[in-house]
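Tertiary structure, described
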Amino acid sequence: MSLKALPKVELHVHIEGAAPAAFVCGLAREKNLDISRIFTANGGYQYRDFWQFLDVYEAATSAIQTPEDYHRLTLAVLEESAAQGVIYTEMFLSPDFCGGRDVTAWRDYLHAIREAADLAEKTHGIVLRGIVTAIRHFGPDKARETALCAAETADDWLVGFGLAGDEKMGRPRDFAYAFDMAREARLRLTAHAGEWGGPHSVREALRDLRVERIGHGVRAIEDPALVDELAATGVVLEVCPGSNIALGVFPGWAAHPVARLRARGVKVTLSTDDPPFFHTTLSGEYHRLADTFGWDEADFTEINTVAARAAFCDEQTRAQILTRLEAPDA
Ligand code: ADE
Ligand code: ZN
C-alpha cells in the first residue's frame, strides 16, 4: 500500500490554519477585504517567523466570518484530508474567531461545522471531532470565556479543550481556571508547549493544566529527565515535524527529535498543524519521515495506533478507527 493510501489518524490541526490560501483569498474578495499583504505572488501565505505567522493567521481568519464560511471550510479541509488517507481528525476550533466567545453565536458556528463533518463522513468516510482552543496571547480572561463556550457545548462530538497561540506569553498556571472549567465539563485536555518554550514549559503545562496530551512537546528532548518522565507516564505528544521545520524550531528534518523521542519510549503521534501555511500534507510528512529516518508502513501503523488510543473520542468510535487501521483494505 502507498503511504498516501495508508489510513491515518491526525490529532492536531487548526481549522483556520488548514484553510488553503486560495480559499481565504476567495472569501476576502467576496467580502471586499484587502488582505493581499499576507499572500505571496504565487498564491501561498507569506510570513518571516512564528510571530508574523500568528499575525498572518489572524488576518486570514478575518476573511472566514460566518457559520456558512466555516461550513465550506470544514468540507474543503476534510475532503483534502480524506484524499491524504486520513480516517479520523481532531480539529482545534476557536470561539474567539467563531462568534467572539458568545455562547449563542458559538453554537451556530459549531452547528455549521458539525453539519459539514456529517456530510464529509457520509461522502468520504472521514470522522471529525472538535477540540475548543483558547488562544494564549489573548490572555486568561478570554480563555475563561472560551472555556465557558466549551463547557456549554461539551458532548460526544466536542470532546476536548486546549491552548494554542504564543507560548512566550503568560504562564500555564494563568490558564488553570479555564482548564479546571473544561475538566469539570468532562472535556479531555491538551496544550501547546515545548514548541517555543523549552522543557520547563512542558513541565508547567503538565503540572498546572493537568493535560494528558501536549501539542508539539518536542523541545522536551533538551531535558533527558523529562523525556524519561514522558515515557514513564505515557503523555502523548502531538508532533508536527513539517510545522516545526517551516517555522524554524529545528533547522531541518534530520535535526528533528521525533525519532529520538520515539526511540526513548515517548508516545509520539503525527499531525500537520496548519498544512497550507507549511506547504505540507499528512502523507507528505510521512514521505519525509520515511526518507529521513527509514520509517516504513509498520512504523506508521504503530504511530497511528498510538494516536487512535490517545484520541479523545468515545470507545465505540475508537474501536471503529482501530479496526480500520488493522485492516486497511477492508
Ligand atoms: N496556532 C496555529 N498554529 C500554531 C502553532 N504552531 N503554535 C501555536 N499556536 C498555533
Ligand atoms: Zn498547533
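Since the model is a prediction, treat every value here as computed from it, not as a measurement. (Residues numbered from 1 in each chain as written. Chains lettered and ligands numbered in written order. Predicted model: local features only at pLDDT ≥ 70, side-chain atom pairs only at ≥ 80, totals over all residues. Heavy atoms only, no water.)

Observations regarding the pattern of salt bridges
A full pass over the atoms with the stated rule returns 21 salt bridges. Residues Asp 223 and Arg 203 are paired through a salt bridge, measuring 2.7 Å at the closest nitrogen-oxygen approach. Here Arg 203 lies in helix 7 (residues 199–209) and Asp 223 lies in the loop between strand 6 (213–216) and helix 8 (224–233), a separation of 20 residues in the sequence. The class of Arg 203 is partly exposed, set by a relative accessible area of 28%. The salt bridge involving Arg 203 is made with Glu 229; its shortest N-O contact spans 3.1 Å. One end of the pair, Arg 203, is in helix 7; the other, Glu 229, is in helix 8, with 26 residues separating them in the sequence. (Salt bridge = Lys/Arg side-chain N within 4 Å of Asp/Glu carboxyl O. Helix = DSSP H or I, 4+ residues; strand = E, 2+ residues; numbered from the N terminus. Buried < 20%, exposed > 50% of the residue type's maximum accessible area, 1.4 Å probe, protein only.)

Comments concerning the pairing of strand 2 (residues 86–93)
Counted residue by residue, strand 2 has eight buried out of eight residues, so it is predominantly covered. Sheet topology places strand 1 (residues 8–14) next to strand 2; five bridges connect them, and they run parallel. Its bridge partner being in strand 2, Glu 10 is matched across the sheet by Thr 89. Relative to strand 3 (residues 127–135), strand 2 runs parallel, the two being bridged by six bridges. Following the sheet pairing, Leu 93 is matched in strand 3 by Val 132. (Pairing = 2+ DSSP bridges.)

What to know about the coordination of the zinc ion (ligand 2)
The protein atoms that coordinate the zinc ion (ligand 2) are His 12 (NE2), His 14 (NE2), His 192 (NE2) and Asp 273 (OD), at distances of 2.1 to 2.2 Å. Positions of the donor residues of the zinc ion (ligand 2), expressed as sequence spacing, correspond to H-x1-H-x177-H-x80-D. An identical accessibility class is assigned to His 12 and His 14; each is buried. (Donors = N, O, S within 2.8 Å, 3.2 Å for Na, K, Ca; no water.)

These figures come from the coordinates and say nothing about function on their own.
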